[in-house]
Amino acid sequence: MADTVSDDRAPAPWRAWAKGGATGAVILAVGALAWTALSHLAAEISYREVVDALRATPLWALGAALGATALSFLALTLYDWTALSYVGRKVPYPVIGLTSFCAYAVGNTVGFGPLTAGAIRYRFYTPHGLEPEEVARIVGFVTATFGLGVLGTTALGLFIAGDVTGLGLPGWIGHGVGALILAGLAGLVLAAGRHRFITIGRWRVDLPRPRLLLVQFAATLGDIAAAGTVLWLLLPATDIGLPAFIAIYAVAVGLGVLSHVPAGLGVFETVVIAAMGGRADTEQVLGALLLYRVIYHVVPLLLAGLIVALLETRRVAVMLAGTRVVRAGRRLAPPVLGALTLLLASMLVFSGVTPAEDARLDLLADWLPLPLVEGAHFLSSVLGLMLFVVARGITYRLDGAWWAAVSMLGAGIVLALAKGLALTEMVLLSVLLSLLLVSRSSFTRKASLLHHALTRPWLVAVGLLLIAALSILFFVYKDVDYAHELWWQFAFSGEAPRALRALLGVSLLAGMGAAWVLLRPAVLGEQAMPDAGTLDKALAIIDAQPRAGVQLALLGDKKLLFAENGTAFIMYARQGRSWIALFDPVGPVAEWAPLIWRFVEMARASGGRAVFYQVAPENLALYADAGLVAFKLGEEARIDLPGFELKGAKRANLRNSFNRCEKAGLEFALVPADGVPAIMEELRAVSDDWMEAHNVREKRFSLGAFIPAYMALRPVAILRQEGRIVAFASLMMTGERQEASIDLMRFSAAAPPAAMEYLLLRLILLFKEDGYQRFNLGMAPLSGLSASAVGLWQQVGRTVYERGDRFYNFSGLRAFKSKFGPQWEARYMAVPGGLNPMLALADITVLIAGGLRGVVGK
């Protein structure tokens with residue numbers, strides 16, 4: 001069959017990137033402005049003064065700050081508990097606690113792409129039976145209540161402290177603003193007690209119960225107050241009390257979140273230093289901020305890594321075998337260790353632009369030659385950037401990334417020793433190396449790192465890393481006058497030249513990597529349109545599995561991507577930038593995950609988006625692991641054949657239709673596949689009559705078409721009246737004899753009104769008698785979307801379902817299928833987030849319709 005799929009020429013990757021680069025450019029600009037402002041605020045202090053301030057921090061303050069950090073993360077676990085209660089789901093608290101702790105340890109420290117708290121929740125909760133829209137409601141609930149909690153905490157601080165001069169407010173304004181905000185939040189709690197939902201335009205938002213809302217507010221207050229206390233304890237003593245400082249802290253956190261810079265790095269620090277004004281020495285404030293980052297961000301992430309690695313050890317796995325905690329730990333290990341890899345990679349880059357201690361360099365001078373020290377310093381920084389890139393592969397469980405990270409960490413430990421006896425670096429790198437070795441079983445996905453291209457958020461993160469490193473370099477060596485000769489100065493005491501060369505190496509490597517990602521030629525790697533032999537191979541796989549609908553692979557309009565061992569495949573077609581796979585993979589389930597990864601990589605390598613259309617809910621975790629997000633398309637109707645009966649009051653209408661058609665002289669027959677060619681012209685006449693009456697064209701991709709060779713693959717059910725065929729249904733079934741379904745179902749103008757119901761009933765009863773378990777009536781698009789669902793997709797879909805009957809009979813189709821008493825099961829589209837779902841659905845519509853002409857003209 002000729003390939004009717006859209007142009008196969010893949011767009012260059014840079015074109016796809018250019019369309020969505022504005023957001024990344026804004027984030028980079030915000031990051032650069034924040035670091036510029038921070039540099040101006042720290043213009044009068046030196047790097048050595050900051051180091052001295054760090055060392056002067058008393059041990060009791062460090063211990064108290066660690067205790068406050070523990071309280072903050074304990075409060076964070078309540079976020080997920082209240083959110084799960086909000087959506088009506090129950091998960092054991094130990095599992096909630098582990099998930100919440102790891103999600104926030106990663107999200108607070110990194111916070112982009114697959115390393116956000118929301119992305120980790122999605123990957124974790126979907127295997128526990130939560131539907132994607134429920135996870136979206138959880139994330140929406142936590143986000144909204146956190147924002148309200150930040151607002152309430154700020155208001156409470158203003159109301160209590162009043163004269164918060166660090167914010168530039170007179171006391172009476174602080175009291176008044178705080179009181180107004182608190183009154184507004186109290187009104188929201190009262191409204192939640194009186195109303196179950198509020199309507200914003202056409203959107204309905206379910207309100208949580210007042211008790212739940214109060215618990216969430218208390219958790220947010222406890223979280224922010226404890227986290228703010230961490231920093232307050234580390235700061236030098238000032239006349240700003242704890243309530244007033246927590247208000248400052250809440251504002252800094254809010255602005256950091258709004259900036260979209262990972263962890264608010266630079267933005268948060270700028271706000272705190274500006275708010276502190278002249279109340280404390282700037283070097284002491286900077287030192288406290290650095291310690292705060294270590295205690296509140298690095299320590300929890302290290303602890304999360306230790307926990308998930310411990311759950312991977314054989315002894316603990318045997319003790320807790322099969323428990324939800326162990327399963328949770330295994331799913332959380334890749335993102336936690338990926339975030340930790342990212343953090344320590346950044347440490348290596350920053351270490352390259354900061355000086356080593358003079359005493360340690362003097363000791364090295366007695367043992368190592370200068371070229372070795374210079375080379376170790378340079379290579380350590382370059383290794384940091386490479387490890388930063390490898391962190392993405394760790395997050396996605398790549399086997400190659402694990403080997404690369406283990407090798408780089410081993411080299412990094414040696415280089416840390418050679419470049420300046422950096423003992424802290426050695427210890428942290430050794431810890432991460434140990435955690436990766438213990439968690440080896442979590443990294444089993446075979447894939448090439450070179451083909452696993454960095455996405456836009458990761459390149460933006462690399463850009464922010466370089467901006468931060470450059471800012472640190474200028475701060476540390478601002479007293480060194482620049483001269484071209486610095487590049488060529490080599491001496492044990494020449495820290496500034498070493499830092500310049502290290503940053504240049506990192507920048508050049510980053511630039512070359514970005515150029516390779518953006519300008520490399522598209523790597524298609526896709527299959528040719530299937531020939532007869534390929535379709536026969538696919539047919540053998542189809543017959544050995546239970547799902548009937550996958551017979552659509554034999555239409556010949558889709559390409560087939562086979563597993564390496566040839567036992568499974570994905571059917572797909574391309575439309576615009578969308579690579580659209582129909583259904584879940586076909587074949588043994590063990591082959592699905594590698595196939596999904598290969599397909600996603602193929603699409604990304606060609607500058608496209610991977611889309612999986614009509615996938616089942618039990619398989620969503622596989623797509624989440626590949627970085628895709630699920631969006632509900634509708635619900636599929638499946639009849640339980642052993643329990644189906646025409647008896648009873650509920651089936652009275654169906655019995656009446658059945659009896660009327662029998663009296664009208666309709667005769668049912670099942671024509672075997674080898675007998676279909678003999679009646680093909682009669683079937684074509686019925687099909688043409690139906691298409692002309694409905695003014696439609698043949699569809700494709702996810703719908704069957706009247707193609708004689710395809711029609712003759714399976715039996716066809718027909719209805720005759722007075723010897724003439726007046727209706728038919730082509731069938732889909734497999735050798736497993738578990739599920740049957742209809743493909744094409746058409747009737748002529750001469751058929752009685754209830755002919756379709758009669759034909760379906762005869763088929764249902766026939767397959768029940770033959771021992772089949774299910775009869776699939778297909779999907780009802782956009783049905784089952786909750787009116788209270790969070791997100792643009794769900795709200796738009798619900799509106800189209802309720803008001804779009806003039807374009808497509810959405811509600812009528814579900815009502816017709818409901819007559820047969822089916823069980824409804826959700827079907828999803830798995831696709832990258834952002835605007836991709838809307839763009840992918842538009843491409844799918846064009847693909848099914850056979851082009852834009854088919855969309856406009858049916």
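How each quantity is defined
Residues numbered from 1 in each chain as written. Predicted model: local features only at pLDDT ≥ 70, side-chain atom pairs only at ≥ 80, totals over all residues. Heavy atoms only, no water. Helix = DSSP H or I, 4+ residues; strand = E, 2+ residues; numbered from the N terminus. Buried < 20%, exposed > 50% of the residue type's maximum accessible area, 1.4 Å probe, protein only. Contact = heavy atoms within 4.5 Å. Areas by Shrake-Rupley, 256 points an atom, 1.4 Å probe, with all protein chains shown as cover. Patch = residues over 30% accessible without salt bridge, like charges linked within 9 Å, V, L, I, M, F, W, Y side chains within 5 Å. Salt bridge = Lys/Arg side-chain N within 4 Å of Asp/Glu carboxyl O. Pairing = 2+ DSSP bridges. Right-handed = clockwise from strand over helix to strand, strands pointing away. pLDDT = per-residue confidence, 0-100. Expected span 1.5 Å × (residues − 1). Arc of directions from axis to C-beta. Phe/Tyr/Trp six-rings, centres within 6.5 Å; stacked < 30°, edge-to-face > 60°. Lys NZ or Arg CZ within 6 Å of the ring centre and 35° of its normal.

## Describing the overall build of the chain
In terms of helices and strands, the chain carries 31 helices and 13 strands. Every one of the 858 residues in the chain was classed for burial, and the buried ones make up 54%. Long-range pairs, those at least 24 residues apart, make up 77% of the contacts in the chain with a sequence separation of at least 6. When the accessible surface of the chain is totalled, it reaches about 36200 Å², and 64% of it is carbon and sulfur.

## Focus on a nonpolar patch on the surface
A contiguous nonpolar surface patch, about 460 Å² in accessible area, is contributed by L71, L74, L78, W81 and Y93. In terms of residue count, helix α4 (residues 59-86) provides more of the nonpolar patch than any other element does, four residues in total. Along the chain, the position of Y93 falls in helix α5 (residues 93-109).

## Quick notes on the pairing of strand β11 (residues 739-747)
The buried count for β11 comes to eight of nine residues, which makes it a mostly enclosed element. With six bridges connecting them, strand β10 (residues 724-733) and β11 associate as antiparallel partners. Bridged to A729 within β11 is M745. The loop that links β10 with its antiparallel partner β11 comprises five residues; one of these, R737, has a positive phi angle of about 55 degrees. Note that the unit made of β11, helix α27 (residues 755-769) and strand β12 (residues 774-781) has a crossover that is right-handed.

## Topic: helix α11 (residues 267-276)
By the criterion of burial, α11 is predominantly enclosed, with nine of the ten residues buried. Those residues of α11 lying buried are V267, F268, E269, T270, V271, V272, I273, A275 and M276.

## Side note on the pattern of salt bridges
What the rule picks out here adds up to 17 salt bridges. The partner of D843 in a salt bridge is R609, and the shortest N-O contact between them spans 3.3 Å. With D843 in helix α30 (residues 836-849) and R609 in strand β6 (residues 609-615), this pair connects stretches of sequence that are 234 residues apart. Linking R827 and E825 is a salt bridge whose minimum nitrogen-to-oxygen distance equals 2.6 Å. According to the relative accessible area criterion, R827 is buried, its value standing at 7%. What makes E825 partly exposed here is its relative accessible area of 22%. What you see here is one network of salt bridges that share partners, running through E636, R638, E739, R774, E825 and R827.

## Topic: the environment of V460
If you trace the backbone, V460 turns up in helix α19 (residues 456-476). Overall, the relative accessible area of 10% leaves V460 in the buried class. Spatially, the C-alpha atom of V460 lies 9.4 Å from that of V261, the residues being 199 residues apart in sequence.

## A short note on the environment of S442
Relative to the helices and strands, S442 resides in the loop between α18 (423-438) and α19. The spatial distance from the C-alpha of S442 to the C-alpha of R397 is 6.5 Å, given a sequence separation of 45 residues.

## Focus on the pairing of β12
With six of eight residues buried, β12 lies mostly within the body of the structure. One ladder, built from three bridges, connects β11 with β12; its direction is parallel. In the sheet register, E739 faces β12, and the bridge partner there is R774.

## Some remarks on the confidence of the model for the chain
In low-pLDDT regions, the fine details of the predicted coordinates are not to be read closely. With 72% of its residues at a pLDDT of 70 or more, the chain shows a mean pLDDT of 76. Below pLDDT 50 for its whole length, residues 1-14 participates in 39 contacts with residues either more than four positions away or in separate chains. Scored below 50 in pLDDT, residues 314-322 makes seven contacts in the model with residues more than four places away or belonging to other chains.

## Quick look at helix α25 (residues 680-694)
With 15 residues, α25 should reach 21 Å at 1.5 Å per residue; the first-to-last C-alpha distance of 21 Å fits that figure. Considered for burial, the residues of α25 that qualify are M680, L683, V686, S687, W690 and M691. Looking straight down α25, one finds that the buried residues subtend no more than 130 degrees of arc, so they occupy a single side. Exposed side chains of α25 directed beyond 90 degrees from the buried face belong to E681, E692 and A693.

## Some words on the packing of aromatic side chains
One pass over the full model with this rule turns up 20 aromatic pairs. Ring geometry for Y79 and Y104: centres 5.8 Å apart, planes at 90 degrees, overall edge-to-face. Here Y104 lies in helix α5 and Y79 lies in helix α4, a separation of 25 residues in the sequence. For the pair formed by Y79 and Y104, the shared burial category is buried. Both rings, one in W579 and one in F599, keep their centres 6.4 Å apart while their planes meet at 70 degrees; by these two values the pair is edge-to-face. Separated by 20 residues along the polypeptide, W579 in strand β5 (residues 578-582) and F599 in helix α22 (residues 592-605) bring together distant segments of the chain. F599 matches W579 in its accessibility class, with the two residues each being buried. An aromatic cluster of three or more residues is present, and its members are F73, F101, Y249, F268, Y292 and Y296. Here the basic side chain of R440 rests over the ring of W402, its NZ or CZ set 4.3 Å away from the ring centre. The residue whose ring lies beneath K537 is F562, and the NZ or CZ to ring-centre distance is 4.2 Å.

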